[in-house]
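Each chain, written out:
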Amino acid sequence: MRVGCQAHVLKESYTRWASRQALAKLYTPDGSKARYPLAFLTNGGGVSEERKAEQLSEWLSVHVIAPQVVLSHTPFKQLVPALGDKPVLISGRGHVADVARKYSELQIMMDVLTSKGVPGRRHTPQAAPPVEVFFSNPDLLWANEFPTPRFGQGAFAACLEALHEKMTGVPLQAKRVFGKPNPKPYELIEDLLLQQARELGMEVGSPSGELPFSSIYAVGDNPAADVRGANRAGHPWVSVLVKTGVFDGTLYANCPNDPAHMVVDDVEAAVDAVLHRHRSARWHSMR
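What you see is a predicted model; the values in this text were computed from it and never measured.

A. Highlighting the pattern of salt bridges. Tallied over the full model, the rule gives nine salt bridges. One salt bridge connects lysine 77 with glutamate 49, and the closest N-O pair in it is separated by 3.7 Å. With lysine 77 in the loop between strand S3 (69-70) and helix H3 (80-83) and glutamate 49 in helix H2 (residues 49-60), the pair connects residues that are 28 residues apart, well separated along the chain. Note on lysine 77: relative accessible area 52%, which makes it exposed. Here lysine 243 ties to aspartate 265 by a salt bridge, and the two come within 3.6 Å at their closest N and O atoms. Note that lysine 243 is positioned in the loop between strand S9 (237-242) and strand S10 (262-264) and aspartate 265 in the loop between S10 and helix H8 (267-285), a separation of 22 residues in sequence. Taken together, the shared-partner salt bridges in this structure form one network comprising Lys25, Glu268 and Asp272.

Have a look at this one:
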């Protein structure tokens, strides 16, 4: 069982090549079907799960489908029953960025927050409830094709919170944060892996309610998101840190703040190590 993160396939041509080599070992020879329960968990967004699956299929030369993908905003689907009939301001990258750029996003969001939902209102009733804010991920930094990490949504959230406290004198309180390392994406991934295991004909029944997997390998390059999230999720999650993104292994052999269970050079080395560990465990179980 594996969980991958898209940062590996975005950085540069070598990293993308290594990712293709890695995924080829987890798919049938023609790349049409995964041989193991496999999911792609990312704190990225800005597109639908269907579109991200198409992108991953193109980048990795294997067939990725939407039910294998969990984006930073995928958990927001669970908010629809509560917020579906209410006015919601959506701000972010991708298609949303066509409507508002970074500066205007902060201005509009501050207008909504300070007016308690009615931008332009000068006198806000004291009894009016605060506007809830949902951040799809807390990443301060993320890795792309640029040589050094870039600011992520966590930086935007820090700006918004600082502005709110500067203008109102109180911290931003009515907020919720999704995305790695928070538990909700990992719960979604577990459900997806269970569904795939059933489709592959694997025995997944567990009378105790525990996951039937001996290990779920979370491969990522961001210790604060990928490693911390997998470590918090606990058994059977195994964190695998690669040196191709936010973490590059130049200062430390492992991250001192969020140490991974395994550290390897890239995603292909991660898949090789995981398959070796899986085969060794099976061999020892038959002795």
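Now, onward.
B. Layout of the environment of glutamine 55. Position of glutamine 55 relative to the elements: it lies in helix H2. Assessed through its relative accessible area of 15%, glutamine 55 is described here as buried.

C. Summary view of the pairing of S9. Of all the six residues making up S9, six are buried; the element is thus mostly covered by neighbouring parts of the structure. By the alternation rule, side chains of S9 split into Trp237, Ser239 and Leu241 and Val238, Val240 and Val242, which are all buried. On the question of chirality, the crossover connecting strand S8 (residues 216-220) to the parallel S9 by way of helix H7 (residues 223-233) is right-handed. Taken together, the three bridges between S9 and S10 define a ladder with parallel strand orientation.

D. Spatial organisation of the packing of aromatic side chains. Applying the stated criterion across every chain, the model contains four aromatic pairs. Their ring planes at 85° and their centres at 5.1 Å tell us that phenylalanine 76 and phenylalanine 178 sit as a pair that is edge-to-face. With phenylalanine 76 in the loop between S3 and H3 and phenylalanine 178 in the loop between strand S7 (175-177) and helix H6 (183-199), this pair connects stretches of sequence that are 102 residues apart. Here tyrosine 186 and tryptophan 237 contribute two aromatic rings whose centre-to-centre distance is 5.0 Å and whose plane-to-plane angle is 85°, an arrangement assigned as edge-to-face. Here tryptophan 237 lies in strand S9 and tyrosine 186 lies in helix H6, a separation of 51 residues in the sequence. Each member of the pair tyrosine 186 and tryptophan 237 is classed as buried. Clustering of aromatic rings is evident, with ring pairs tying together Phe76, Phe134 and Phe178.

E. Main features of the nonpolar core. Of all hydrophobic cores here, the largest spans 29 residues; its most connected members are Leu23, Leu26, Tyr27, Phe40, Val64 and Val240. For this core, the secondary-structure elements that each account for two or more residues are helix H1 (13-24), strand S2 (38-41), H2, S8, S9, S10 and H8. With five residues, H8 is the single largest residue contributor to this core. Formed by 16 residues, the second largest nonpolar core is a distinct cluster that contains Val70, Ala197, Ala230 and Trp237.

F. Here's a closer look at the confidence of the model for the chain. Residue-level pLDDT values for the chain average 84, and 86% of them are 70 or greater. Mean pLDDT per element in the chain: strand S1 (residues 2-4) is the minimum at 39, and S10 is the maximum at 96. Here residues 1-12 scores under 50 on pLDDT; set against residues more than four positions off or in separate chains, the count is 63 contacts. Long-range and interchain partners of residues 97-103, a stretch whose pLDDT sits below 50, account for three contacts in this model, where long-range means more than four residues apart.

G. Quick peek at unusual backbone geometry. Cis geometry is found at the peptide bond from lysine 180 to proline 181, where omega equals 10°. The topology assignment puts proline 181 in the loop between S7 and H6. A cis geometry characterises the amide bond from histidine 235 onward to proline 236, with omega recorded as 10°. Here proline 236 shows up in the loop between H7 and S9. Backbone geometry places serine 61, a non-glycine residue, at a positive phi of 60°. If you trace the backbone, serine 61 turns up in the loop between H2 and S3. A positive phi angle, close to 55°, is found at lysine 116, a residue other than glycine.

H. Geometry of the side chain of asparagine 43. Within the secondary structure, asparagine 43 is located in the loop between S2 and H2. Relative accessible area serves as the criterion here: at 9%, asparagine 43 is assigned to the buried category. Of the polar contacts made by the side chain of asparagine 43, one reaches the side chain of aspartate 139; its length is 2.9 Å.

Calculation criteria
- Residues numbered from 1 in each chain as written.
- Predicted model: local features only at pLDDT ≥ 70, side-chain atom pairs only at ≥ 80, totals over all residues.
- Heavy atoms only, no water.
- Salt bridge = Lys/Arg side-chain N within 4 Å of Asp/Glu carboxyl O.
- Helix = DSSP H or I, 4+ residues; strand = E, 2+ residues; numbered from the N terminus.
- Buried < 20%, exposed > 50% of the residue type's maximum accessible area, 1.4 Å probe, protein only.
- Right-handed = clockwise from strand over helix to strand, strands pointing away.
- Pairing = 2+ DSSP bridges.
- Phe/Tyr/Trp six-rings, centres within 6.5 Å; stacked < 30°, edge-to-face > 60°.
- Core = buried A, V, L, I, M, F, W, Y, C linked by side-chain atoms within 4.5 Å.
- pLDDT = per-residue confidence, 0-100.
- Contact = heavy atoms within 4.5 Å.
- Polar contact = N/O pair within 3.5 Å; in protein donor to acceptor, adjacent residues only side chain to side chain.

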